[in-house]
Amino acid sequence: MTGSEEGWLNDGLDVTGADFGLWVSGVDYIAGWREAREAADHLNRALFGAGFELSAVRAVASANEDGRGVVRLTGWPDAVNRLAQLLEAHAGDAGGAA
């Protein structure tokens with residue numbers, strides 16, 4: 001999923017972790033990343049549909065050291081708090097079930 005501007009992914013949100021850039025020979029990171037990318041794109045479409053700007057909060061695909069796909073949520077605190085409130089309201093409406 002892409003944003004409205006060319007550099008939307010590099011707009012100041014740190015999407016790297018402590019282990020970012022470490023690769024182990026023989027581990028298939030691409031398969032895990034592809035699965036994570038599909039899930040991240042799905043979540044980003046849902047966030048965008050709920051009125052969130054992807055420059056404020058978004059899902060980012062990566063793979064862990066074993067090659068398993070990982071989706072991280074990254075965002076500015078105010079946007080993440082707004083998302084948490086939305087999820088809490090939904091959980092309350094659904095009787096606690098998501």
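Worth saying up front: this structure is predicted, and the values here are computed from it rather than measured.

Visitor: Would you explain a nonpolar patch on the surface in this entry?
Guide: On the surface, Leu43, Val71 and Leu73 cluster together into a nonpolar patch covering about 220 Å² of accessible area. For Leu43, the location among the structural elements is in helix H1 (residues 29-49). The exposure class of Leu43 is partly exposed, given its relative accessible area of 35%.

Visitor: How should the environment of Val80 be read in this particular structure?
Guide: Within the secondary structure, Val80 is located in helix H2 (residues 77-93). Taking relative accessible area as the criterion, Val80 reaches 29% and is therefore assigned partly exposed. Considering only alpha carbons, one finds Val80 and Phe52, 28 residues apart in sequence, at a separation of 9.8 Å. Here Val80 is in contact with Val57 and Gly75, once residues within four sequence places are set aside.

Visitor: For this particular structure, what's the right way to read the side chain of Arg58?
Guide: Within the secondary structure, Arg58 sits in strand S1 (residues 57-63). Here the side chain of Arg58 touches Leu54 through a polar contact of 2.7 Å, landing on its backbone oxygen.

Visitor: Please clarify how the packing of aromatic side chains should be interpreted in this entry.
Guide: Note on aromatic pairs: each is described by the distance of the centres and the angle between the planes. Counted according to the given criterion, the structure contains 0 aromatic pairs. Taking the ring centre of Phe52 as reference, the NZ or CZ of Arg82 above it sits at 4.0 Å.

Visitor: So what exactly am I meant to see when it comes to the pairing of strand S2 (residues 69-75) here?
Guide: Every other side chain in a regular strand lies on the same face of the sheet, so the side chains alternate between the two faces. With 7 bridges joining them, S1 and S2 adopt antiparallel strand pairing. Note on S2: the bridge partner recorded for Ser62 is Val70. Here S1 hands over to S2 after 5 residues, with Gly67 in that stretch at a positive phi of 90°.

Visitor: Can you help me understand H1 in this one?
Guide: Three- or four-residue spacings in an α-helix give side chains the same orientation, since the helix completes a turn every 3.6 residues. In a regular helix each residue adds 1.5 Å, so 21 residues correspond to 30 Å; H1 covers 30 Å between its end C-alpha atoms and thus fits that length. Within H1, burial applies to Tyr29, Gly32, Ala36, Ala40, Asp41, Asn44 and Leu47. On its buried face, H1 is in contact with S1, S2 and H2. For H1, the N-terminal capping position is held by Asp28, with its side-chain oxygen 3.3 Å away from the main-chain nitrogen of Ile30. In the segment just after H1, Gly51 is the residue with positive phi, at about 95°.

Criteria and cut-off values
Residues numbered from 1 in each chain as written. Predicted model: local features only at pLDDT ≥ 70, side-chain atom pairs only at ≥ 80, totals over all residues. Heavy atoms only, no water. Patch = residues over 30% accessible without salt bridge, like charges linked within 9 Å, V, L, I, M, F, W, Y side chains within 5 Å. Areas by Shrake-Rupley, 256 points an atom, 1.4 Å probe, with all protein chains shown as cover. Salt bridge = Lys/Arg side-chain N within 4 Å of Asp/Glu carboxyl O. Helix = DSSP H or I, 4+ residues; strand = E, 2+ residues; numbered from the N terminus. Buried < 20%, exposed > 50% of the residue type's maximum accessible area, 1.4 Å probe, protein only. Contact = heavy atoms within 4.5 Å. Polar contact = N/O pair within 3.5 Å; in protein donor to acceptor, adjacent residues only side chain to side chain. Phe/Tyr/Trp six-rings, centres within 6.5 Å; stacked < 30°, edge-to-face > 60°. Lys NZ or Arg CZ within 6 Å of the ring centre and 35° of its normal. Pairing = 2+ DSSP bridges. Expected span 1.5 Å × (residues − 1).

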